Structures are given as structure tokens and as C-alpha cells.
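Geometric and topological summary
Residues per chain are reported as follows:
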Amino acid sequence: MTTHDQDTIYDDSAPSPGLDPSLPGNDPYGASVDDDTEGARVFTVSGGDWNDLVDEATALHEERIVVNMGPQHPSTHGVLRLILELDGETVTEARAGIGYLHTGIEKNMEFRTWTQGVTFCTRMDYLTPMFQEAAYCLSVEKLLGVTDRIPERASIIRVMMMELTRVNSHLVALGTGGMEMGATTVMTVGFRERERILRVFEAITGLRMNNAYIRPGGVAQDVPHGAVDMVRGVVGEIRRGLGELEMLLNENPLLKGRTVGVGYLDLTGCVALGVTGPVLRSTGLPHDLRKSAPYCGYETYDFDVITRTGCDAYDRLRIRIDEMYESLKIVEQCLDRLQRTEGQPVMVEDKKIAWPAQLAIGGDGQGNSLDHIREIMGTSMEALIHHFKLVTEGFRVPPGQAYVAVESAKGELGCHTVSDGGTRPYRAHFRDPSFNNLQAVAAMCEGSQVADVIVAVASIDPVMGGVDR
Amino acid sequence: MSDESKDPKHLESGEGAPVPDKETDTAATRTDDDPQSSDTAQHTGGGRVVELAGADSEPVQIGERRGMFGATRGQDTTGYGGLVTPTLLPGASPRPYGGYYDEVADLLATALEEGPGLGGAVEKVVVDRGEMTLFVRREHLLEVARTLRDHPALRFEMCMGVSGVHYPGEAGRELHAVYPLLSITHGSRRIRLEVTCPDTDPHIPSVVEVWPGNDWHERETWDMFGIQFDGHPALTRILMPDDWPGHPQRKDYPLGGIPVEYKGGTVPPPDERRAYS
């Protein structure tokens with residue numbers, strides 16, 4: 001079906017302020033012209049001229065100052081723009097401006113096959129690629145009606161990869177959060193431990209990030225020889241590193257001074273704003289989709305849902321640390337199961353969905369397994385046709401819609417997919433937890449100090465790749 | 001969800017069956033003047049099954065597919081070019097819906113008795129792939145939303161955003177807004193609301209006053225689909241720049257892109273490549 005014709009293409013040649021020299025404000029990158037700043041002085045701060053600026057600002061005798069923090073600012077977690085209205089040091093109004101990293105991933109997915117969609121959605125929240133992949137694949141499998149036919153080993157690998165991703169994401173949350181408060185050691189320890197997980201990802205999927213490893217029907221390929229032992233070693237190393245982080249953080253008076261009671265959001269606020277994940281669990285509500293609506297066989301794993309009752313940034317940080325221990329516990333259970341299921345399939349039986357080839361490392365790095373190429377090129381014309389059609393054309397998905405939610409490191413990650421019976425998603429929408437949780441910035445920050453805004457935002461742990469998609 | 005395996009209508013095959021796996025005989029045997037289905041909407045007590053009056057159990061056609069292999073560009077030389085297959089989305093489901101869905105429908109019917117009634121507010125209930133979708137008439141959306149959130153036995157206290165879908169082929173109902181609801185109180189129960197509006201009158205009441213967390217989600221859906229959520233506190237663009245023309249996720253909005261040249265060969269942009277959808 002063609003998706004558009006010539007008449008409906010939007011005309012973007014109409015004059016817009018900034019690009020048309022006849023309109024005011026002919027610098028396209030300059031300050032916007034339509035903002036309501038009449039009669040107000042505007043200062044642009046680029047560092048180095050603070051004293052002049054402060055003198056100038058105090059000379060105005062103006063009480064109300066609006067500070068535009070970001071979108072390029074080292075302590076706003078990526079291209080997040082915070083618009084703060086200040087009265088002295090107190091934030092009277094906080095607004096978050098987003099959209100600076102919008103890349104149209106959802107629209108792009110409508111122009112690729114169902115399998116290629118994984119390659120796109122893995123890039124949304126770049127710290128939790130496996131969760132997007134899992135949510136997307138689970139919803140495609142629901143549309144296909146093959147949920148019950150996913151091999152056990154594939155689900156075990158998915159769970160293991162998701163839990164390693166959770167540790168990975170939490171380590172970055174703590175590391176960058178610590179750095180924003182000035183604790184660079186926390187950052188270096190966090191990133192050092194994260195590096196171990198990225199090495200595991202590289203060994204198993206071939207890529208450190210943006211893995212596109214979980215596919216509709218299973219996973220791209222089985223874990224390589226020796227991966228189980230490698231992961232087992234890494235789990236032990238990360239446990240030691242987490243102990244180091246705990247010693248740095250848990251009872252650190254400076255950290256507690258900065259985080260206890262900061263970014264307060266209670267259960268009522270969380271539920272009203274649809275906030276999930278560690279922020280919701282810091283209010284004492286043990287809501288975790290892995291327990292309440294299990295998927296991928298989570299009901300068979302032994303782990304605890306961590307809750308605390310402080311509703312503040314400190315408790316969210318402690319929850320993240322404890323959740324990492326729980327995740328490592330799950331990873332170890334996965335490893336035992338992987339050893340038990342050695343040699344079992346990792347892709348659904350249906351040859352109309354499963355990609356025909358397993359990947360193998362060739363002379364040029366990566367490629368299809370030589371056995372498969374020998375078969376399709378030398379012996380079976382039908383296998384060649386099948387391979388070609390499935391890879392270029394993809395499989396068809398019966399019309400309908402599905403919504404599947406998984407517990408990402410940041411909260412409920414939902415994937416709403418609609419099929420029109422074609423080989424491509426008719427619509428794929430991701431309910432990213434960071435997107436939703438960022439709405440809580442105003443509730444957490446208003447009335448607090450400017451410095452607390454940084455802590456509050458870090459405790460939400462937003463990743464702008466996921467927020468803007 | 002866990003109900004999926006128990007759902008009798010659950011699709012068995014991964015093959016692209018053009019017609020959704022529905023019990024077509026119910027559609028054939030049930031007529032509009034069937035007394036069972038026309039006047040039971042008012043009765044709710046005594047364990048009586050509430051059927052929606054006149055709910056159309058026929059599948060909904062949103063488009064059609066030509067040919068056999070999904071090729072959309074150039075001449076179809078396969079000889080199958082005359083084949084036309086309608087693209088059908090599942091229609092209204094008959095009772096029982098399975099799982100807790102019957103309970104939810106009954107409770108909602110009882111709660112709405114004072115007002116529009118279930119038949120007045122909900123045009124049809126679709127249970128497909130183990131998920132329940134209530135198609136709510138837009139004028140009753142707020143009432144239904146408030147009931148679903150506040151009724152102690154329903155208590156869908158979380159709305160997980162709103163996702164727009166554009167069906168240019170469904171005349172008069174081109175734009176759909178889909179609200180996934182979650183009830184933590186009742187053990188992660190999930191249902192879905194779907195509201196439609198025509199392209200010519202793209203207005204849907206905002207549910208921000210019921211679920212404040214939907215603020216940004218509705219802004220995103222406005223930004224991407226042009227659905228105007230009436231009553232939203234500040235319905236402005238959120239992902240695209242403020243002065244952006246058009247709504248990018250609509251099907252009539254092109255993907256855009258430039259051809260890619262590599263080693264002398266040229267690959268057209270993704271939406272102009274050969275496709276088999």
C-alpha cells in the first residue's frame with residue numbers, strides 16, 4: 001500500500017520565522033523571536049563572565065528570574081531542557097522541555113520489516129536496549145500468536161540479557177547521578193563495572209550497545225561457547241564492585257545530605273502521574289511487572305521486589321543498588337538453566353518466522369554460517385528461495401493490535417503494535433518510562449533549591465533517547 | 001497475558017491469515033433485531049449477561065491488499081494482480097469474553113446505569129489475542145474513564161498513555177486514540193480503551209483531569225497525529241519544533257529521506273524502495 005501521494009506532501013517552503021530573511025530574526029540559530037520576553041532583560045551565559053553577569057542582574061533589582069538550563073548542560077542527563085523560575089535560590093516553577101533528540105524511530109519502523117524493527121527500537125533508550133527489544137518482540141509474538149511456542153532456552157537467554165541490562169542501566173544511573181553531584185569516583189566505579197557487562201554483550205551479541213539480539217520468535221543466535229563461564233565470572237566481579245559502590249554511597253554523609261528528602265514524590269503523586277519503576281517502589285508499593293504480570297517465565301525465578309518508604313532520591317538510589325543484587329541473583333539462576341538446556345533451540349520452530357541462518361564469524365568478521373550457505377547455494381534451490389524471501393520480504397503478521405509491557409530498569413516499558421496483515425508494522429508505539437516519569441520533575445522540584453533539581457532529575461534517571469524516540 | 005493460552009480465539013498460526021480468527025457463524029446468526037442482544041443492555045443484575053445492542057461483530061475493513069506477494073511498485077507480472085484481499089481488523093466479540101473481562105464489563109455496565117449505560121457509552125467490546133478493547137464513544141469518554149478509575153471494584157488507577165493510530169481507509173473513523181489501562185489494586189489487570197474520531201473533526205476529550213500523567217502523552221499524540229484533546233491544559237507540540245507543519249505519524253505524511261550512494265550504486269530512501277508489505 002502506498003502511504004502517501006504527491007498531493008498530500010506537506011509544503012514546508014512556507015516562510016517561517018528565522019529562515020526567511022524578510023521576517024524578523026533572520027538568524028536561524030539565534031534567539032527565537034516569538035517568546036514573550038517583552039520588557040525583560042535576557043542574559044546569555046556561556047561561562048567565564050559570571051561576575052559581570054551577577055553585577056548586571058543585581059543592578060536590575062528584579063526578583064523573578066527564569067533560568068533556561070539545557071538542552072546542552074552537563075548535569076541534565078543528555079539533551080533535557082529545564083526551564084526554572086527562581087526566587088533567589090528557590091525554584092518556584094520547573095518545566096521540562098523535551099524533543100531535542102527526536103529521531104522518528106516509530107515512523108521509521110513502519111517502513112521496515114517486523115524483524116528489522118528490532119534494530120530501530122533497540123536505539124530508543126540506549127541504556128536499556130534489551131528491554132525495548134523484548135517488549136517489541138513479545139508484542140509481535142502476541143500478534144503472531146506464537147507466545148507459547150517460544151523455546152525455553154530463548155526465554156532464559158532473554159531474561160539473562162534483560163537482567164544484565166538492568167544492572168547496566170542502574171550502574172549508569174548511579175554513576176552519572178554521582179558525577180552530577182561531584183562524586184567522580186562513583187562514576188568511575190560505575191562505568192568500570194558497566195564495562196564488564198558490555199563485554200558480555202559483545203561476546204554474546206557481537207555488539208556492545210544497540211544489539212538487535214532479541215528477535216521475534218526467539219533470539220538471534222545461541223550464546224557462544226564459554227559464555228556461561230564468562231558471565232559467571234563477571235557476576236562475581238560485579239558483586240565485588242557493587243560492594244565498593246555501597247561503601248562509597250550508602251552511609252556517605254555528603255551523599256545523604258544531598259539526597260535524603262530531596263525529590264520527594266509520594267504514592268499519590270506517583271500513581272496520579274503514572275510514574276513506575278524505582279520511583280514508585282521508593283514509596284513502598286511493591287509494584288513490579290516481573291512479579292505481578294510475569295512474562296518470559298519470570299514467575300519461575302527466585303527474586304525479591306525491593307521497596308523502601310522514603311519517597312526521596314536517597315531511597316531510589318538504594319533501591320537501584322539492591323535491585324542490582326536481585327538481578328545478579330536472577331542471572332545466576334539463568335546460567336544454571338542455560339547449562340541444563342544446552343543444545344536446545346533458541347528460535348521458534350516455525351520456519352516461516354525463524355530466520356534460516358545462524359550467524360557465524362567468517363573471515364570478514366561476521367556472516368552467515370558456512371554450512372547454511374553451502375546448503376542454499378549448492379544443494380537446495382527451495383532453501384535459497386525461502387531464505388531470500390524471508391530476509392528481504394519478511395513474514396506477514398495477522399491484523400490486530402497488542403500491548404505488552406515489561407519492567408524496564410526505569411519502569412513500565414510498554415509496546416503497542418498494530419498490524420494490518422503486512423510484512424511491516426502498521427504502527428509501533430513505545431510507552432517509554434522515562435518519557436512519563438519526567439513529568440514528575442515539576443512535582444519533585446518546585447519549592448526546592450536549584451541544586452536539588454539536579455538530584456531530583458538524576459533520581460528519575462531519564463534517558464533522552466527513550467524520552468524523545 | 002496469562003489468559004492468552006485459555007483464549008479460544010487465540011490465533012494458532014503464524015501464517016498471515018487474511019481474515020482474523022473469528023467465529024464467523026456468530027456474525028451470521030446474530031441479527032440486529034435479535035431480542036437477546038437488543039434490550040439486555042439495561043439489565044445488569046442477577047448474573048445476566050450484558051450484551052451490547054447492535055454492536056457490530058463484523059470485522060472492520062481498513063483497506064485492501066492487491067496481488068499475491070505484496071509488491072507495490074511497478075507492474076505486477078505475476079498474474080495474481082487482480083486478486084483483492086480486504087484488510088480486516090477484528091469486530092465485536094460475543095460473550096463470554098473470558099478471564100476477568102466479563103466481570104469488568106458487568107461492573108462497568110452497573111456503574112454506568114445512571115448515565116448513558118454500557119450500550120450508550122461503549123460501541124463495542126473486542127477481545128482479541130487475550131486483550132480486551134472497549135471502543136468508547138468520544139462524548140462519553142470522560143464518564144467511562146472516571147468510572148474505571150474510581151469504582152472500587154474496577155480501580156484502573158493508571159493510564160499508560162495514549163497511542164494514536166491513523167487508518168485512512170476507515171471512512172469517518174480515521175483517527176484512533178488507544179489508552180492502555182492498568183489496575184495495580186486488582187493485580188495488574190489490563191484493559192484498553194479505544195476512541196475514534198474523523199479526520200474532519202479531530203476532537204477527543206482530554207483525560208488529563210482523570211489521569212494527570214497523560215498530559216505529555218496527549219501532547220505527543222496531538223503532535224504526531226493531530227488529534228485535538230479538548231480540555232487539555234496546554235496542548236502544544238512536544239517532540240517536534242513548535243512551528244512544524246503537519247503531523248508526522250499520519251499515514252499521508254511522507255517518511256522523507258535522501259538516496260544513499262555507495263561505491264557507485266544508489267539506494268533510494270526507505271519509503272521509495274521496493275517493498276512487499
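Just so we're clear, the structure is a prediction, and the values are computed from it rather than from any experiment. (Residues numbered from 1 in each chain as written. Chains lettered and ligands numbered in written order. Predicted model: local features only at pLDDT ≥ 70, side-chain atom pairs only at ≥ 80, totals over all residues. Heavy atoms only, no water.)

Broken down by element type, chain B carries 6 helices and 12 strands. Residues classed as buried in chain B amount to 53% of the 277 residues present. For chain B, the share of sequence-separated contacts (at least 6 apart) that also reach a separation of at least 24 residues comes to 55%. (Helix = DSSP H or I, 4+ residues; strand = E, 2+ residues; numbered from the N terminus. Buried < 20%, exposed > 50% of the residue type's maximum accessible area, 1.4 Å probe, protein only. Contact = heavy atoms within 4.5 Å.)

A few words on helix H12 (residues 313-340) of chain A. With 28 residues, H12 of chain A extends 41 Å from end C-alpha to end C-alpha; this agrees with the ideal 40 Å at 1.5 Å per step. Counting buried positions along H12 of chain A gives 22 out of 28 residues, so the element sits mostly inside the fold. (Expected span 1.5 Å × (residues − 1).)

Further remarks concern the confidence of the model for chain B. Residues with a pLDDT of 70 or more make up 78% of chain B, whose mean pLDDT is 79. Overall, residues 1-48 of chain B carries pLDDT values under 50, and its contacts beyond four positions in sequence, including any with other chains, amount to 82 contacts. (pLDDT = per-residue confidence, 0-100.)

Turning to the pattern of salt bridges, a few remarks are in order. Residue and element names in this part refer to chain A. Counted according to the given criterion, the structure contains 47 salt bridges over all chains. In this structure, the salt-bridge partner of Lys410 is Asp125, at a minimum N-O distance of 3.2 Å. Pair noted here: Lys410 is in the loop between strand E8 (400-408) and strand E9 (411-419) and Asp125 is in the loop between helix H3 (117-121) and helix H4 (129-144), with a separation of 285 residues, a long-range link. The two residues Lys410 and Asp125 agree in class, both being buried. Lys256 is paired through a salt bridge with Glu251; the nearest N and O atoms lie 2.9 Å apart. Each of the salt bridges in this network shares a partner with another, and the network as a whole consists of Glu163, Arg166, Arg281, Asp288, Arg290, Glu323 and Glu407. (Salt bridge = Lys/Arg side-chain N within 4 Å of Asp/Glu carboxyl O.)

Inspection of every chain in the model, using the stated rule, returns 7 cavities of 30 Å³ or more. Looking at the largest cavity, its volume works out to about 180 Å³. As for the largest cavity, its lining consists of 16 residues, and the residues nearest its centre are Gln401 of chain A together with Leu89, Pro90, Phe135 and Glu194 of chain B. Sort the elements by how many residues they give to the lining of the largest cavity and strand E3 (residues 122-128) of chain B lands first, with 3 residues. Residue composition of the lining of the largest cavity, grouped by class: 7 nonpolar, 4 polar and 5 charged. In this structure, the second largest cavity occupies an estimated 110 Å³ of space. Elements that contribute at least two residues to the lining of the second largest cavity include exactly helix H5 (152-180), H12 and helix H17 (450-460) of chain A. For the lining of the second largest cavity, the per-class residue count stands at 7 nonpolar, 4 polar and 2 charged. (1 Å grid on protein atoms, 1.4 Å probe; cavity = no way out; pocket = protein on both sides within 12 Å on 5 of 7 lines; lining within 4 Å. Points joined across faces, edges and corners; volume = space filled by probe spheres on them. Nonpolar A, V, L, I, M, F, W, Y, C, P; charged D, E, K, R; others polar.)

As a further point, take the packing of H5 of chain A against helix H6 (residues 184-205) of chain A. All names here are of chain A. Direction vectors running N to C along H5 and H6 enclose 155°, while the axes themselves pass 8 Å from each other. Here H5 lies roughly antiparallel to H6, going by the angle between them. Along this stretch, H5 crosses H6, giving a crossing that reads as left-handed. Across the contact of H5 with H6, the residue classes break down as 16 nonpolar, 8 polar and 2 charged. (Axes fitted to C-alpha atoms, helices over the stretch in contact; angles between N-to-C directions. Parallel < 35°, antiparallel > 145°, perpendicular 65-115°, else oblique. Left-handed = near helix turned anticlockwise from the far one by under 90°.)

All names here are of chain A. The strand order across the open sheet formed by 3 strands is E8-E9-E10, and the pairing between neighbours is antiparallel. In this open sheet, the two edge strands, each paired with only one partner strand, are E8 and strand E10 (427-431). On average, each strand axis in the sheet is tilted by 15° relative to the strand beside it, whichever way the strands run. Looking at chain direction, E9 and E10 are connected through 5 bridges and run antiparallel. Bridge pairing links Thr417 to Ala428 in E10. (Pairing = 2+ DSSP bridges.)

The next point concerns the interface of chain B and chain A. Taken together, the contact between chain B and chain A spans 74 residues of the former and 72 residues of the latter. With both chains or domains summed, chain B and chain A bury close to 6,200 Å², and 55% of this area falls on carbon and sulfur atoms. Per-residue buried area on chain B facing chain A is highest for Arg129, Trp216 and Lys251 of chain B; these three make up 12% of the total on that side. Here chain B is connected to chain A by 5 salt bridges. For Arg190 of chain B, the salt bridge goes to Glu412 of chain A, with nearest N and O atoms at 3.0 Å. At the surface where chain B touches chain A, the tally comes to 22 residue pairs in polar contact (both at pLDDT 80 or more). Those elements that place two or more of their residues in the side of chain B that touches chain A are strand E1 (60-66), strand E2 (84-89), strand E4 (131-136), strand E6 (163-166), strand E7 (175-183), strand E8 (189-197) and helix H6 (215-225) of chain B. A per-element tally of the side of chain B that touches chain A places H6 of chain B first, with 6 residues. A per-class count over the side of chain B that touches chain A returns 35 nonpolar, 20 polar and 19 charged. (Buried area = accessible area lost by both parts, 1.4 Å probe. Polar contact = N/O pair within 3.5 Å; in protein donor to acceptor, adjacent residues only side chain to side chain.)

Residue and element names in this part refer to chain A. Across the sheet, which stays open at both edges, the 3 strands sit in the order E1-E2-E3 with antiparallel pairing between neighbours. Of all the strands in the sheet, just strand E1 (64-69) and strand E3 (90-97) have a single pairing partner and so form its edges. Within this sheet the neighbouring strands show an average axis-to-axis angle of 20°, counted without direction. Here E1 pairs with strand E2 (residues 81-87) via 6 bridges, running antiparallel. If you follow Val67 over to E2, its bridge partner there is Leu84.

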